[in-house]
Amino acid sequence: MALHFELVTPAKLVRSEEVHMVVVPGAEGEFGVLEGHAPFMSTIKDGAVQVYKTAGAAPESIEVKGGFAEVGDKGLTVLAEHVED
Amino acid sequence: MASLKELKDRIKSVKSTQKITKAKQMVAAAKLRKAQAAAEAARPFAERLASVMASLSTKVSGDSAPKLLAGTGSDQRHLLVVVNTDKGLCGGLNANIVKEAKKQAKALEAAGKKVTFYLVGRKGRAPIKRDYADQIDKHFDTSEVRNPGYEQAEQIADDLVKLFEEGKFDVASLVFPVFKSALAQDPVTQQLIPVPSPEESVASESVVEYEPDEEAILEELLPRYVRTQLFGALLEREASEHGASMTAMDNATRNAGELIDKLTIQYNRSRQAAITTELIEIIAGAEAL
């Protein structure tokens, strides 16, 4: 019951971990991704990706700029050009 | 035969040269490790982007395909983006890159195409200018930044996309060195614009939802893809430069060492000869008395 989340920039693989849920700032609105999400692809707008490690935990935000998110069998992959930790 | 003093000075100068080459070799070795790590770290992004591109470009085809993917419909005007290093002292690396670029240019010109150059890095400027003085479109300087990174790749890519959209060229190819090992860096030519459609079309069985639609995503993705390609080329260039420099400097250090040995022997011989002559003179003088 975990979602595999990867955050990748051109310079490096920033995150690769199992999380509960991730909220992504999609170009047409924010969307949350849980485990078992249908295959989905969206561009993202500049903003914060919120990572929920467990169900009730406070989210960790990561500022991203320019890129897109892909949900597939392997989980969620966010490709961002710039990331601010 | 050179005098003793001359020999001594010669040895001293070769020794200081050796010190410099040795230092440069060690610096290059340290930097090479870093550049290799950077190139490795950049791989996941490029791989994922390529796989997304592959699955998208099979879905978007025909008239709706963006210009960056479909091209202008003509292939008369070629732009060669040549990535050279900024610093020398790296053996034949830059000469090889320039050779490859000129080979491509000749082949294209023989086929009746028009060729222009877009140069990245300082060391390619002079040798290409010699043959194609009025065909150099632009020169992008990366020498001011210590570690050319994604930002520079972004600037170059945006520049290229702008030129493409203004209709300045039809096809752009990237000439850059690929780092194989410290001993081998082969320059390769790769088509950059229009973005070549990936060969392996992975037919995904699942229905993927797109937001916004496929074309819009592809439109956003293509410039990014060009940037990533350039970023990869810059990283390869860094690794190649340091690899080539390490090898070249290793050779130079060894050559200097050999030269020093040879000069030292010569120096000792002349010294011995001088002493012997002196002794003979003294003995001859004593005998004469």
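Rules behind the numbers
- Residues numbered from 1 in each chain as written.
- Chains lettered and ligands numbered in written order.
- Predicted model: local features only at pLDDT ≥ 70, side-chain atom pairs only at ≥ 80, totals over all residues.
- Contact = placed C-beta atoms within 7 Å.
- Helix = DSSP H or I, 4+ residues; strand = E, 2+ residues; numbered from the N terminus.
- Nonpolar A, V, L, I, M, F, W, Y, C, P; charged D, E, K, R; others polar.
- Pairing = 2+ DSSP bridges.
- Domains from an automatic or database assignment.
- pLDDT = per-residue confidence, 0-100.
- Buried ≥ 20, exposed ≤ 12 C-beta atoms within 10 Å, placed from the backbone.

## What to know about the interface of chain B and chain A
Thought 1: Chain B puts 20 residues into the contact, and the matching count from chain A is 19 residues.
Thought 2: Put simply, the parts of the chain that give the side of chain B that touches chain A at least two residues each are helix 2 (43–59), strand 6 (209–211) and helix 7 (214–288) of chain B.
Thought 3: Per-element tally for the side of chain B that touches chain A: the top contributor is helix 2 of chain B, with five residues.
Thought 4: Residue composition of the side of chain B that touches chain A, grouped by class: 13 nonpolar, three polar and four charged.
Thought 5: Note that strand 5 (residues 40–44) of chain A and strand 6 of chain B share three bridges and pair parallel. Note that in strand 6 of chain B the partner of A:Ser42 across the bridge is B:Glu211.

## What about the domain arrangement of chain B?
The parts lose accessible area when they come together, and the size of an interface is often stated as this lost area.
Thought 1: Per the domain assignment, the segments making up chain B are domain 1 (4–21 + 249–288) and domain 2 (34–245).
Thought 2: Of note, the centres of domain 1 of chain B and domain 2 of chain B, computed from C-alpha atoms alone, are 53 Å apart.

## Details of the confidence of the model for chain B
Residues and elements named next belong to chain B.
Thought 1: Taken over all residues, the pLDDT of chain B has a mean of 87, while the share at 70 or more is 94%.
Thought 2: Per-residue pLDDT, averaged within each element of chain B, yields its smallest value for helix 3 (residues 67–70) (78) and its largest for helix 1 (residues 4–41) (93).
Thought 3: Model confidence for the complex: the whole-complex pTM is 0.84, and ipTM, which rates the interface, is 0.82.

## Things to note about the pairing of strand 6 (residues 47–52) of chain A
Residue and element names in this part refer to chain A.
Thought 1: As defined by bridge partners, strand 3 (residues 21–26) adjoins strand 6 across three bridges and the pair is classed as antiparallel. Paired with Val-23 across the bridge in strand 6 is Gln-50.
Thought 2: The pairing of strand 6 with strand 7 (residues 60–72) spans five bridges and is antiparallel. From the neighbouring strand, Val-51 faces strand 7, where its bridge partner is Glu-60.

## What about the environment of A:Gly56?
Thought 1: Tracing the chain through its elements places A:Gly56 in the loop between strand 6 and strand 7.
Thought 2: For A:Gly56, a count of 7 C-beta atoms within 10 Å puts it in the exposed group.

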